[in-house]
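Close look at the chain arrangement
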Amino acid sequence: MLRPSIDTRDKRRPRHGEGTLASSLQSRSSRKLSNRGYDGMITFQAFLKAEFSDENLEFWLVCEDYKKVKCSFRLSAKARKIFKCHVQAGAPREINIDHKTRELVKRNLEAPSTACFHEAQSVAYDLMERDSYPRFLRSGIYRTLLDSTSESIIKS
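Summarised in this report is the structure supplied together with it. Everything quoted here is computed from the prediction, not taken from an experiment. (Residues numbered from 1 in each chain as written. Predicted model: local features only at pLDDT ≥ 70, side-chain atom pairs only at ≥ 80, totals over all residues. Heavy atoms only, no water.)

1. Observations regarding the packing of helix α3 (residues 40-50) against helix α7 (residues 118-137)
Keep this limit in mind: A fitted line through C-alpha atoms represents every axis, and for helices the fit uses only the stretch in contact; the resulting angles, taken between N-to-C directions, go from 0 to 180 degrees. We count a stretch as a helix when DSSP gives it H or I for four or more residues in a row; a strand needs E for two or more, and each element gets its number in order from the N terminus. The cut-offs work like this: below 35 degrees is roughly parallel, past 145 is roughly antiparallel, 65 to 115 is roughly perpendicular, and the gaps in between are oblique. Here, two residues are considered to be in contact whenever any of their heavy atoms come within 4.5 Å of each other. Just so you know the grouping, Ala, Val, Leu, Ile, Met, Phe, Trp, Tyr, Cys and Pro go in nonpolar, Asp, Glu, Lys and Arg go in charged, and all remaining residues, Gly too, go in polar.
Interhelical geometry of α3 versus α7 gives an angle of 95 degrees and a closest axis separation of 10 Å. Taken together, the axes of α3 and α7 are roughly perpendicular relative to one another. Mapping the contact onto sequence places T43, F44, F47 and L48 in α3 and M128, S132, Y133, R135 and F136 in α7. Residues of the contact of α3 with α7, tallied by class, amount to 6 nonpolar, 2 polar and 1 charged.

Shown next, in the form of structure tokens:
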């Protein structure tokens, strides 16, 4: 049975500026599925939404977009928006981070840079890697996907 997992041989994390969550979620097995039309990120996101726990992935993806902003005015505006939506205590899509990390991000907003969410993004990633992704691999949505993909392979 194909069972993707986070590649333990490659310890790259977004905090090091290398790799992405998408590449971490796409192990050798899930790449095979990907070649047959399976999109691991979309399925993982759907799983998280069904569990009402997609805020970490959403935050992580928003941060990846944020890092691509070149204009300092847009960087500042977008940083404030991300903070109010995801980081600020009581935010509508609040991520689960410790007080120290939250305060660090708040200080970083005084002079926004592409790295101002770096620590919070790492915390969110680590939570997904340790908790959400393993639950996804044990979920019915994932098993159904594997079963349907296996049937498609057999019929081909």
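And the narrative resumes.
2. Re the nonpolar core
Rules: The term nonpolar core refers to a set of buried residues drawn from Ala, Val, Leu, Ile, Met, Phe, Trp, Tyr and Cys, joined through side-chain atoms within 4.5 Å. The buried label applies to any residue whose accessible area, calculated with a 1.4 Å probe on protein chains only, is under 20% of its type's maximum; exposed applies above 50%, and partly exposed to all values in between.
Judged by nonpolar contacts, the single largest core of 17 residues is most densely connected at F59, Y66, V87 and F117. Contributing elements (two or more residues each) for this core: α4 (55-66), α5 (72-87) and α7. Here the element with the most residues in this core is α5; it accounts for 5 residues. The contact partners of F59, leaving out residues within four places of it in the chain, are I82, H86, V87, I95, F117, A120, Q121 and A124. Counting 13 residues, the second-largest nonpolar core is a separate cluster that includes L57, W60, Y133 and L146.

3. Focus on the pattern of salt bridges
Where we set the bar: Salt bridges are defined by distance alone: a side-chain nitrogen of Lys or Arg within 4 Å of a carboxyl oxygen of Asp or Glu.
Taken as a whole and assessed by the stated rule, the structure comprises 6 salt bridges. With a shortest N-O distance of 2.9 Å, D54 and R93 are connected by a salt bridge. Here D54 is found in the loop between α3 and α4, whereas its partner R93 is found in the loop between α5 and α6 (99-108), with 39 residues between them in sequence. A relative accessible area of 9% means that D54 is categorised as buried. Across the salt bridge formed by E94 and R102, the nearest N and O atoms sit 3.4 Å from each other. With a relative accessible area of 12%, R102 lands in the buried category. Via salt bridges that share partners, E51, D131 and R135 belong to a single interconnected network.

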